[in-house]
Amino acid sequence: MEDCGSITEKVFSNGDVYVGSFKAMLPHGKGKYTWSDGSVYDGCWEEGKMTGGGRLIWPSGASYEGDFSGGYLHGFGVFNGSDGSIYRGVWRMNTQHGIGRKQYQNSDVYDGCWKEGVREGSGRYAWSNGNMYIGNWRDGKMCGRGVMKWFDGDLFDGFWLNGLRHGSGCYRFADGSYYFGGWTKGLKDGHGMFYPAGSKHHPLRGCSDGKNEKRKKQLSNISSANSESVKPKVKRTFSDRISSSLLKGSGSISVRTMSQGEDTALDESSRDILACDSSSALSQSSRDDKTDLLETGSVACEREYTQGVLMKERIINISRLSGKSKQRLKFHAKEVKRKSCVSFLEARRSYYLMLNLQLGIRYSVGKITPVPIREVRQSDFGDQARIKMYFPRKGSQFTPSHHSVDFYWKDYCPMVFRYLRELFKLDAADYMMSICGDDGLRELSSPGKSGSLFYLSRDDRFVIKTLKKSELKVLLRMLPDYYKHVKEHDNTLITKVFGVHRISLKRGKKVRFVVMGNMFCTELRIHRRYDLKGSSHGRFTKKDRIDETTTLKDLDLTYEFHMDKLLREALFKQLSLDCSFLESQNIIDYSLLLGLHFRAPDNLISLLEPPDSLHKVETNPDHVEGGISQGELSIPPRGLILVTHEPSSVSNTPGPHARGSTLRAMSVGDQEVDLLLPGTGRLRVQLGVNMPAQANQKVMQDESASVQVELFEVYDVVLYLGIIDILQDYNMKKKLEHTYKSLQFDPLSISAVDPKTYSKRFLNFLDKVFPVEP
């Protein structure tokens, strides 16, 4: 037996050789292992497994230098493939997983997020010929919002699916013309508008057949990444736990060298060739009789496509429109250009912002966590309570090197938010890993009404939103009272805030962020979402725009919710406290965000069943205390069962949206309760989380019926609630009051009311949504 630390050479019977330190017959410490096939590992070992820093070289010429753990490539490292490709980034269990940069053998470069060896998340792919895509990826293919820029100046900004344009988007041509419309599986589909570059610039110029052929060739070089050419073939076993054979048989270490079938670049030969985008020209059949019109005036072209085939076309001569119509058209084009055609640089900046945000949060949380615990002081809220740091791309004494742009980082009131995270029972390591971990962040496809960007952590626990400067001032001003309110009220429904940060880019561009809990990160699926203000003006959603992910408004709500009496009392007690706090901070225009999980989409109409059938519930009678006399309405309804709380039977780990003690309920004898649903585990009932209720919806009766009968459909639901949008200051809104009056809005239906009136109206509305049981 050799002592750990002594250098010894050992030759195994199969020809393998190890030179280095041993511990109990196992490589431990520094050492070099040479396999009989020519593979070599030189680095750190821990009890027979490659662990720590090291370098691994294969006979094919491929090499890896970086972190190892338990015999796997795990951590940060650089892989040089035998084909000349280079990957520099994060690994997990022999697989590219996290943020990394890969340069392919043909000089293509991908810089962004990886998951299990494939491109997934936000990323930037630059082709060697000058084409570039920045946006979202899924399973190695362009998927979600993204911007593609071609080397000839053309640009597409819109939505993608499985590597093909799919959904709404804008195609901007190098000559300055635009096409706004929809695509389905890479083909134009539906209505769209084509705007030429200008009246002096012939829309057909340069769009001859020769130009079309040239464009075909150009587009073929950057076609939407075909799945066959994108999905990597990375093997999951470089060393395949190479130390395992030390414990058996001959005692030598065998290595299964990886077949270096590495992730290939988006190969030209395997891409689909996109047909020439016919938005750049009118159809040939309509050219001859419209050429004069196009040459003499400014035009727009309204088109309708079906699976890539032009079905209808109408030329609009802008110069002949009335002044009012022309102004509307110009305004529409300007707005669409501003909102829909996000420039290439803007999309690139959004990607870099995400990377900068992760770097900054990792730095801030790591810096503040080791500080000894103490009471929060008044100075922790002041202007000097800031952490500032410069993050150069090449790295510094305090910051790592990175593949984003140089930026300045500012963390506001770090000590206060550290204690807020502790009050919310949020572990610092979990917080960092959720936001800054391998999976990264993903940008939500559509910005909010205010134009803010939203990012969502990969585990859906946290929402990150960009702030206006005015909103940041409101938040910092109310932070001392917010901290006090959260500390005193465990069950507050007000948005949980975990951090506020600012990123400064070159030329003085500053972007402010707030990190909040995602209240819809729940065990149950959310089937309906509502944003409720207690207002009627404009508070509805067009039916053709509604799907499961749509957040509906006040006038869309057709339910009223009946709850256990004690649960309702607790809810309205806290709502009153929270509204009083917001009122004291001069805040208005906030909302109650309401999420519904339906127990059964087509549940029974409970009121039509015999009374005794409402209570024949299969459950353990030992768990249910207190009864409901025959003939009473079952609250919670029959599909949702409240049982006495047993901490050992339910997870007490709070989510980022939940906090506080378990609630009491009358229906089980004033006991703390959990929720049981058939087919699920026990769920902890807290204020705003896992709250069972009965949703009653009025049914339209037949007008021909001679007897007036009021019918209801009754559903078993689980409610999730929270107060959001808490940064609208009354004094700021008051400045816009003259605008509201000039537009003849009803002042009681909008935000131009004082905070006291707003909170009163808000609570009165909710009192009707959650009526008291008769």
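What this report covers is the structure whose coordinates are included nearby. (Residues numbered from 1 in each chain as written. Predicted model: local features only at pLDDT ≥ 70, side-chain atom pairs only at ≥ 80, totals over all residues. Heavy atoms only, no water.)

1. A short note on the packing of aromatic side chains
Part 1: Counted according to the given criterion, the structure contains 49 aromatic pairs.
Part 2: Aromatic pair tyrosine 110 and tryptophan 137: ring centres 5.5 Å apart, planes at 80 degrees, arrangement edge-to-face. With a gap of 27 residues between them, tyrosine 110 in strand β10 (residues 109-115) and tryptophan 137 in strand β12 (residues 132-138) connect regions that are remote in the sequence. Comparing tyrosine 110 with tryptophan 137 shows no difference in burial state: the two are buried.
Part 3: Plain terms: the ring middles of tyrosine 590 and tyrosine 758 are 4.9 Å apart, the flat faces sit at 75 degrees to each other, and that makes the pair edge-to-face. One end of the pair, tyrosine 590, is in the loop between α9 (565-584) and β31 (591-598); the other, tyrosine 758, is in helix α12 (residues 755-769), and 168 residues separate them in sequence. You'll find tyrosine 590 and tyrosine 758 in the same group, each marked buried.
Part 4: If you follow arginine 145 out to its NZ or CZ, it ends over the ring of phenylalanine 159, 5.7 Å from the centre.
Part 5: Above the face of the phenylalanine 572 ring, arginine 568 is positioned so that its terminal group lies 4.2 Å from the ring centre. (Phe/Tyr/Trp six-rings, centres within 6.5 Å; stacked < 30°, edge-to-face > 60°. Helix = DSSP H or I, 4+ residues; strand = E, 2+ residues; numbered from the N terminus. Buried < 20%, exposed > 50% of the residue type's maximum accessible area, 1.4 Å probe, protein only. Lys NZ or Arg CZ within 6 Å of the ring centre and 35° of its normal.)

2. With respect to the pairing of strand β1 (residues 8-11)
Part 1: Taken together, the four bridges between β1 and strand β2 (residues 17-23) define a ladder with antiparallel strand orientation. Residue glutamate 9 lies in a different strand from β2, and its bridge partner there is valine 19.
Part 2: With antiparallel pairing between neighbouring strands as the criterion, β1 and β2 make up a hairpin whose turn holds five residues, including glycine 15 at a positive phi of roughly 100 degrees. (Pairing = 2+ DSSP bridges.)

3. Quick notes on the pattern of salt bridges
Part 1: Scanning the model with the defined rule gives 16 salt bridges in all.
Part 2: With its nearest N and O atoms 2.6 Å apart, the salt bridge here joins arginine 568 to aspartate 767. Residue arginine 568 is found in helix α9, and its partner aspartate 767 is found in helix α12; the two are separated by 199 residues along the sequence.
Part 3: The class of aspartate 767 is partly exposed, set by a relative accessible area of 38%. (Salt bridge = Lys/Arg side-chain N within 4 Å of Asp/Glu carboxyl O.)

4. Things to note about the side chain of histidine 501
Part 1: For histidine 501, the location among the structural elements is in strand β26 (residues 497-504).
Part 2: Here aspartate 411 takes part through its side chain, which lies 2.9 Å from a polar atom of the side chain of histidine 501.
Part 3: Other than its neighbours up to four places away in sequence, histidine 501 contacts Ile361, Trp409, Lys410, Asp411, Tyr412, Val511, Arg512, Phe513 and Val515. (Polar contact = N/O pair within 3.5 Å; in protein donor to acceptor, adjacent residues only side chain to side chain. Contact = heavy atoms within 4.5 Å.)

5. Section: empty space enclosed by the protein
Over the atoms a probe the size of a water molecule is rolled, and this reveals where empty space is left.
Part 1: Inspection of every chain in the model, using the stated rule, returns two cavities of 30 Å³ or more.
Part 2: Looking at the largest cavity, its volume works out to about 60 Å³.
Part 3: Together, Ile361, Ser364, Val365, Ile368, Asp411, Pro414, Phe417, Arg421, Tyr431 and His501 line the largest cavity.
Part 4: Going through the elements one at a time, α5 (344-368) and α6 (414-423) are the ones with two or more residues in the lining of the largest cavity.
Part 5: Classifying every residue of the lining of the largest cavity by side-chain character gives six nonpolar, two polar and two charged. (1 Å grid on protein atoms, 1.4 Å probe; cavity = no way out; pocket = protein on both sides within 12 Å on 5 of 7 lines; lining within 4 Å. Points joined across faces, edges and corners; volume = space filled by probe spheres on them. Nonpolar A, V, L, I, M, F, W, Y, C, P; charged D, E, K, R; others polar.)

6. What about the packing of α9 against α12?
Part 1: Interhelical geometry of α9 versus α12 gives an angle of 165 degrees and a closest axis separation of 9 Å. If you check the angle between α9 and α12, you find them roughly antiparallel. In this structure, the crossing between α9 and α12 has a hand that is right-handed. Taken together, the residues of α12 that come into contact with α9 (itself represented by Arg568, Phe572, Leu575, Ser576, Cys579 and Glu583) are Pro755, Lys756, Ser759, Phe762, Leu763, Leu766 and Asp767.
Part 2: The residue makeup of the contact of α9 with α12, split by class, is seven nonpolar, two polar and four charged. (Axes fitted to C-alpha atoms, helices over the stretch in contact; angles between N-to-C directions. Parallel < 35°, antiparallel > 145°, perpendicular 65-115°, else oblique. Left-handed = near helix turned anticlockwise from the far one by under 90°.)

7. Side note on the sheet that holds strand β23 (residues 441-443)
Part 1: Pairing in this open sheet of seven strands is antiparallel, and the strands run β21-β22-β26-β27-β25-β24-β23 from one edge to the other. Bordering the open sheet on either side are β21 (386-391) and β23, each of which pairs with just one other strand. In this sheet, adjacent strand axes meet at a mean angle of 25 degrees when their direction is disregarded.
Part 2: Across seven bridges, β26 lies against strand β27 (residues 510-517) in antiparallel orientation. Counterpart to valine 500 in the pairing with β27 is valine 514.

8. Some remarks on the side chain of serine 591
Part 1: Relative to the helices and strands, serine 591 is located in strand β31.
Part 2: Accessibility expressed as a relative area gives 0% for serine 591, which makes it buried.
Part 3: Engagement of the side chain of serine 591 in a polar contact is seen with the side chain of lysine 533, the distance being 2.8 Å.
Part 4: Non-local contacts of serine 591, meaning those with residues more than four positions away in its chain, are made with Asp531, Leu532, Lys533, Gly722, Ile723, Ile724, Asp725 and Phe762.

9. Focus: the pairing of strand β11 (residues 118-126)
Part 1: Taking burial as the measure, the nine residues of β11 include nine buried ones, the bulk of the element.
Part 2: Two strands pair when backbone bridges link them, and β10 and β11 are joined in this way by six bridges, in the antiparallel orientation. Note that in β11 the partner of glycine 112 across the bridge is glycine 123.
Part 3: Hairpin connection, β10 to β11: the antiparallel pair is bridged by two residues, and glutamate 116 has positive phi, about 50 degrees.

10. Structural notes on α9
Part 1: Spanning 20 residues, α9 covers 29 Å between terminal C-alpha atoms, matching the ideal 28 Å at 1.5 Å per step.
Part 2: Restricting attention to buried positions, one finds in α9 the residues Leu567, Arg568, Leu571, Phe572, Gln574, Leu575, Asp578, Cys579, Phe581 and Leu582.
Part 3: At the N-terminal boundary of α9, the capping side chain belongs to aspartate 564, with an oxygen 3.0 Å from the backbone nitrogen of leucine 566.
Part 4: Directly after α9, the chain includes asparagine 586, whose backbone phi takes a positive value near 65 degrees. (Expected span 1.5 Å × (residues − 1).)

These figures come from the coordinates and say nothing about function on their own.
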